[in-house]
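Tertiary structure, described
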Amino acid sequence: MYEIQTNEKGSKHMFITDAHLYTIEKYALFHNLIDSSGIINEMVLDKLKMNVRSIMEGEKDNEELINLCKDVLFHENMKAYGLNQLVKLFNNWLPNRHDPDETDEEGLNK
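Residues numbered from 1 in each chain as written. Predicted model: local features only at pLDDT ≥ 70, side-chain atom pairs only at ≥ 80, totals over all residues. Heavy atoms only, no water.

Topic: the pattern of salt bridges
Scanning all chains against the criterion turns up three salt bridges. A salt bridge links Arg-97 to Glu-25, with the shortest nitrogen-to-oxygen separation between them at 2.8 Å. Within this pair, whereas Arg-97 is found in the segment after α4 (80-93), its partner Glu-25 is found in helix α1 (residues 18-26), the two being separated by 72 residues in sequence. The partner of Glu-57 in a salt bridge is Lys-60, with the nearest N and O atoms 3.3 Å apart. (Salt bridge = Lys/Arg side-chain N within 4 Å of Asp/Glu carboxyl O. Helix = DSSP H or I, 4+ residues; strand = E, 2+ residues; numbered from the N terminus.)

Notes on the nonpolar core
Considering soluble globular proteins, one finds that nonpolar side chains tend to be buried as a cluster. With 26 residues, the main nonpolar core has Phe-30, Leu-83 and Leu-86 as its most contacted residues. Within the residue set of this core, elements represented by two or more residues are β2 (13-16), α1, α2 (42-58), α3 (63-73) and α4. Here this core takes six residues from α4, the largest share from any one element. (Core = buried A, V, L, I, M, F, W, Y, C linked by side-chain atoms within 4.5 Å. Buried < 20%, exposed > 50% of the residue type's maximum accessible area, 1.4 Å probe, protein only.)

Some remarks on α3
Within α3, burial applies to Leu-65, Leu-68, Cys-69, Val-72 and Leu-73. Looking straight down α3, one finds its buried side chains confined to an arc of 110°; they lie on one side. Among the exposed residues of α3, those pointing more than 90 degrees away from its buried face are Glu-63 and Lys-70. The inward-facing, buried residues of α3 abut β2, α1, α2 and α4. (Arc of directions from axis to C-beta. Contact = heavy atoms within 4.5 Å.)

Section: the pairing of β2
What you see with β2 is a clean split: Met-14 and Ile-16 sit on the buried side and His-13 and Phe-15 on the side with no burial. The pairing of strand β1 (residues 2-5) with β2 spans four bridges and is classified as antiparallel. Bridge pairing links Glu-3 to Phe-15 in β2. (Pairing = 2+ DSSP bridges.)

Focus on the packing of aromatic side chains
Two numbers describe a pair of aromatic rings. These are the distance of the centres and the angle of the planes. A full pass over the atoms with the stated rule returns three aromatic pairs. Taking the centre distance of 4.9 Å and the plane angle of 85° together, the rings of Tyr-22 and Trp-93 count as edge-to-face. In this pair, Tyr-22 is assigned in helix α1 and Trp-93 in helix α4, connecting sequence segments 71 residues apart. According to the relative accessible area criterion, Tyr-22 is partly exposed, its value standing at 21%. (Phe/Tyr/Trp six-rings, centres within 6.5 Å; stacked < 30°, edge-to-face > 60°.)

Side note on the side chain of Thr-6
Note on placement: Thr-6 falls in the loop between β1 and β2. Setting aside residues up to four positions removed in sequence, Thr-6 forms contacts with Lys-12, His-13, Met-14, Asn-77, Tyr-81 and Gly-82.

Here's the deal with the packing of α2 against α3
Where α2 contacts α3, the axes come no closer than 11 Å and their chain directions differ by 155°. It follows that α2 is roughly antiparallel to α3 by the angle criterion. By crossing handedness, the relation of α2 to α3 is classed as left-handed. Packed against α2, whose contacting residues are Leu-48, Lys-49, Val-52, Ile-55 and Met-56, the element α3 presents Leu-65, Ile-66, Cys-69 and Leu-73 at the interface. Looking at the contact of α2 with α3, its residues break down into eight nonpolar, no polar and one charged. (Axes fitted to C-alpha atoms, helices over the stretch in contact; angles between N-to-C directions. Parallel < 35°, antiparallel > 145°, perpendicular 65-115°, else oblique. Left-handed = near helix turned anticlockwise from the far one by under 90°. Nonpolar A, V, L, I, M, F, W, Y, C, P; charged D, E, K, R; others polar.)

Following this line, the structure appears as structure tokens:
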């Protein structure tokens, strides 16, 4: 589990799980989300929310997306600053992630 800061003061935080990050990766939610300026603002957060709603329309009762929305994207503390921190966390997590289906002989993640 990871903790991200969701405001500049540092008074609000949010917990992110590997399952949340895998869902972001699975649905490529950050792919082409941020324009060439690299600025993450409320419009980018709204775009992400609309993209997720669109995916959910096609995949009713998808627990992964429902949990991501409830716990992260539509959480009351999620603002542009928090999304910026989430993107940074995701980019740091991506090269070091472990495939949950990939285990060694003892049944442990590689």
